[in-house]
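The residues making up each chain are set out below.
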Amino acid sequence: MIDIVVPQEQEGTQAVVRAWLKSVGDRVEENDPLVELETDKVAVEVPAPAAGVLREILLNSNAEAVPGAILGRIAPVAEVEPPSPSEQPFGLSLSKPATSSGAQEQERPSTSSGRTEQREYRLSPSVKRACLQHNVDPSEIEGTGRDGRITRADVDRFVQSGRRPAAPAPAPSDGSIASRSVSHDRMRLRIAENMLNSVTEAPHVTAVFEADFSAIMAHRERHKKEFARAGVKLTYTAYIVAAAAEAMKVAPAINSRWHPDRLEIFGDVNIGVGTALGEKGLIVPVLREVQKLNLKGIAAGLDALIEKARAEKLTAGDVKGGTFTISNHGVSGSLFAAPIVINQPQSAILGVGKLEKRVVVREVGGVDTIQIRPMAYVSLTIDHRVVDGHQTNAWLTRFVEVLETWPAE
């Protein structure tokens, strides 16, 4: 028998078994996804270490999965008898069951697109998670993927269409207000724990500046088509990440980690960018060695990470090793926020508010003028054990200066 083992390296303080993607008795090929583990930061698929048949599941859903623990066991190919003709194909299948006579249900007539209505639902882990999360029966969803497979976008469209039967709200009794209970998922519980630990451990102080985005708006307008031709989406976040890396030069302690006996100041600037996952919470993929990247490299790296995050395809390596975090809360309409240093023991987090046109006073030729400029509030929340107001304000001053003096070309 071959052991299926929890990986030794995982990002997050604790992992649990989220779901098995195969059942006991299923045939698997080497590197087939077998089981999903979830930490507070990322969900990771554990692949089959060899081809064979899944014989044992030792850790079921919601069980704690410590590094090195045995999740289950596979009987290798050499020990598996050839399948009989009556055996169904292996793999994740949510196909409709056989009829009461024992014969398999006959296929229905083909649709106009050439696909049959009877489908074997081989779902990707992302689609399976979405179906479970929204309590959706995949047999009700029309797949638009290859050979009629259901994609994550198909699930999202189905949910947004509102065709699912709504659960009746409980009738209020004794004049009480009607309500419903929603169980916390693992990510929400871990986010809550991290937030509490952060504000308990570190004294937070926030400084707020205002930034004029005129220069980078002009640069972006001039160059976004050029970037698009190279397959790169040029976002304001790319400029913010670049400016943050540049500001580290005037206040290196912002890019550091607190230890009881010392301050560890990092040479590489590995910036995590908070990415919302809707109702599920927040995840922070990390762009590494930003100080070595030009604007195009930063934009391309962000594109790839955020796409993986929203498709729930991040690996443990994509969310580990951050030295600084950016929360671009303005994309959802917030003018100002003072984010918590969510990735302890990092020392600071940058908050960027909504970009909007505001009336400002600017001196032109020695005369005060009233102008309309694209402005945003930017905040730096720091661990006051690590740095004081002097370093905080020096960092923000340089950060804003980089944004406001971005070269035209």
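Our subject is the structure that appears above.
Quick notes on the rules
Residues numbered from 1 in each chain as written. Predicted model: local features only at pLDDT ≥ 70, side-chain atom pairs only at ≥ 80, totals over all residues. Heavy atoms only, no water. Helix = DSSP H or I, 4+ residues; strand = E, 2+ residues; numbered from the N terminus. Contact = heavy atoms within 4.5 Å. Areas by Shrake-Rupley, 256 points an atom, 1.4 Å probe, with all protein chains shown as cover. Patch = residues over 30% accessible without salt bridge, like charges linked within 9 Å, V, L, I, M, F, W, Y side chains within 5 Å. Salt bridge = Lys/Arg side-chain N within 4 Å of Asp/Glu carboxyl O. Buried < 20%, exposed > 50% of the residue type's maximum accessible area, 1.4 Å probe, protein only. Polar contact = N/O pair within 3.5 Å; in protein donor to acceptor, adjacent residues only side chain to side chain. Axes fitted to C-alpha atoms, helices over the stretch in contact; angles between N-to-C directions. Parallel < 35°, antiparallel > 145°, perpendicular 65-115°, else oblique. Left-handed = near helix turned anticlockwise from the far one by under 90°. Core = buried A, V, L, I, M, F, W, Y, C linked by side-chain atoms within 4.5 Å. Pairing = 2+ DSSP bridges.

A. Quick look at the overall build of the protein chain. On a plain count of helices and strands, the protein chain comes out with 7 helices and 18 strands. Of the contacts made within the protein chain by residues no fewer than 6 positions apart, 64% connect residues no fewer than 24 positions apart. Counting only carbon and sulfur atoms, one obtains 52% of the accessible surface of the protein chain, whose full area is about 22,000 Å².

B. Local environment of a nonpolar patch on the surface. Nonpolar side chains collect at one region of the surface, where Val359, Val361, Ile370 and Ile372 lie side by side and expose about 460 Å² of accessible area between them. Counting residues per element, the ones that place at least two in the nonpolar patch are strand E17 (356-364) and strand E18 (367-383). Considering the arrangement of structural elements, one finds Ile370 in strand E18. Its relative accessible area of 69% is what places Ile370 among the exposed residues.

C. Expanded view of the side chain of Thr325. With respect to the helices and strands, Thr325 occurs in strand E15 (residues 324-327). Side-chain polar atoms of Thr325 contact the side chain of Gln346, separated by 2.8 Å.

D. Main features of the pattern of salt bridges. In this structure the tally under the stated criterion is 15 salt bridges. Taking the shortest distance from any N to any O, the salt bridge between Arg385 and Glu201 comes out at 3.1 Å. With a gap of 184 residues between them, Arg385 in the loop between E18 and helix H7 (389-404) and Glu201 in helix H3 (residues 186-201) connect regions that are remote in the sequence. Judged by its relative accessible area of 47%, Glu201 falls in the partly exposed class. As a salt-bridge pair, Glu289 and Lys292 come within 3.5 Å of each other at their nearest N and O atoms. Of the residues examined, Lys292 reaches a relative accessible area of 57% and is grouped as exposed. Shared partners join several salt bridges into a network, and the residues in it are Glu246, Lys249, Arg398 and Glu401.

E. View of the packing of helix H5 (residues 236-247) against H7. Direction vectors running N to C along H5 and H7 enclose 135 degrees, while the axes themselves pass 8 Å from each other. Judged by the angle between their axes, H5 and H7 are oblique. Considering only the axes of H5 and H7, their crossing is right-handed. Across the interface between the two elements, Tyr239, Ile240, Ala243, Ala244, Glu246 and Ala247 of H5 pack against Trp395, Arg398, Phe399, Val402 and Leu403 of H7.

F. Fine view of the side chain of Asp383. Relative to the helices and strands, Asp383 is located in strand E18. Given a relative accessible area of 0%, Asp383 falls into the buried group. Excluding its chain neighbours within four sequence positions, the residues that come into contact with Asp383 are Ala202, Pro203 and Ser347.

G. The arrangement of the nonpolar core in detail. Core analysis: the largest hydrophobic core is formed by 54 residues, its most contacted members being Ile254, Phe324, Leu350, Trp395 and Phe399. If we ignore the near neighbours within four places in the chain, the residues touching Trp395 are Ala244, Ala247, Met248, Val250, Ala251, Ile254, Phe324, Leu350 and Leu380. Counting 17 residues, the second-largest nonpolar core is a separate cluster that includes Val46, Ala65, Leu71 and Ile74.

H. Representation of the pairing of E15. Sheet analysis places strand E11 (residues 271-273) next to E15, joined by 3 bridges and oriented parallel. Residue Val273 lies in a different strand from E15, and its bridge partner there is Ile326. Here E15 pairs with strand E16 (residues 348-352) via 3 bridges, running parallel. Within E16, the position partnered with Thr325 by the bridge is Ile349.

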